[in-house]
Amino acid sequence: MKRIFPVGKRRALALFAMVAFGICALLITGCEKEKFWQIGSPAPEISVLDFNDKRVKLSHFRGKVVMLRFWATGCNGCIAGMPVMDGFSKKYQERDLAVLAINMGNPKQLVVAFVRDLHLSYPVLLDSALIAARKYGVSVSPTIFFIDRQGMARKVVVGEITQDLFEKTVGELL
């Protein structure tokens, strides 16, 4: 009797089942591509931690214009821009602008040390697992997102923002 499966019937069936399972898994997960937001669409909800390990959600700021600034401690421009953002925050906070700095992936102790001496008036939040950064498709720091009062994404700026561009963007949204 000639063998159809040279490695043994049970082994061949097990191998076939594993390959079939792998192909099915690839097909199922391949169809679930992550959908990145677009300008004019709702900004993705994020939930990050503050320095007291309290959850802060983007939806907590609904009704305000929100500026999300993703940054990292290894980015000198990010650090230098933080006091500038503080000035923007102070200038517009009474007009319902919320400035949120979201650190990408650095340990809490390192971020706290960086921020301590800056005396910032806006929240600095922690995205240690980069979940929020992935939801927003951030690959460069700093990256800044502007979200309107209804929670719609309105503008993205990769790199530092000039005062003129900031004033123009915020002026249009407030």
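Owing to the predicted nature of the structure, the values given are computational and were not obtained by experimental measurement. (Residues numbered from 1 in each chain as written. Predicted model: local features only at pLDDT ≥ 70, side-chain atom pairs only at ≥ 80, totals over all residues. Heavy atoms only, no water.)

A.B. asks: Is there a simple way to explain the pattern of salt bridges in this structure?
C.D. replies: Proximity of charged atoms lets side chains of opposite charge pair with each other. Following the criterion strictly, the structure yields seven salt bridges and no others. Measuring nitrogen to oxygen at the nearest pair gives 3.3 Å for the salt bridge that ties D53 to K108. Here D53, found in the loop between β1 (47-49) and β2 (55-57), pairs with K108, found in helix α3 (residues 108-116); they are 55 residues apart in sequence, far enough to count as distant. On the basis of relative accessibility, which here comes to 48%, the residue D53 falls in the partly exposed class. (Salt bridge = Lys/Arg side-chain N within 4 Å of Asp/Glu carboxyl O. Helix = DSSP H or I, 4+ residues; strand = E, 2+ residues; numbered from the N terminus. Buried < 20%, exposed > 50% of the residue type's maximum accessible area, 1.4 Å probe, protein only.)

A.B. asks: Help me understand the pairing of strand β3 (residues 65-71) in this model?
C.D. replies: A regular strand carries its side chains on alternate faces of the sheet. In terms of residue burial, β3 counts as a mostly covered element, since seven of its seven residues are buried. Here β3 shows two buried faces, one formed by V65, M67, R69 and W71 and the other by V66, L68 and F70. Bridging between β3 and strand β4 (residues 97-104) involves seven bridges; their strand directions are parallel. Among the inter-strand pairings, M67 is bridged to a residue of β4, identified as V99. Handedness of the crossover is the feature at issue here: the chain leaves β3, passes through helix α2 (residues 76-92), returns alongside β4, and the resulting connection is right-handed. Taken together, the five bridges between β3 and strand β6 (residues 143-147) define a ladder with antiparallel strand orientation. Considered in β6, the bridge of R69 is made with I144. (Pairing = 2+ DSSP bridges. Right-handed = clockwise from strand over helix to strand, strands pointing away.)

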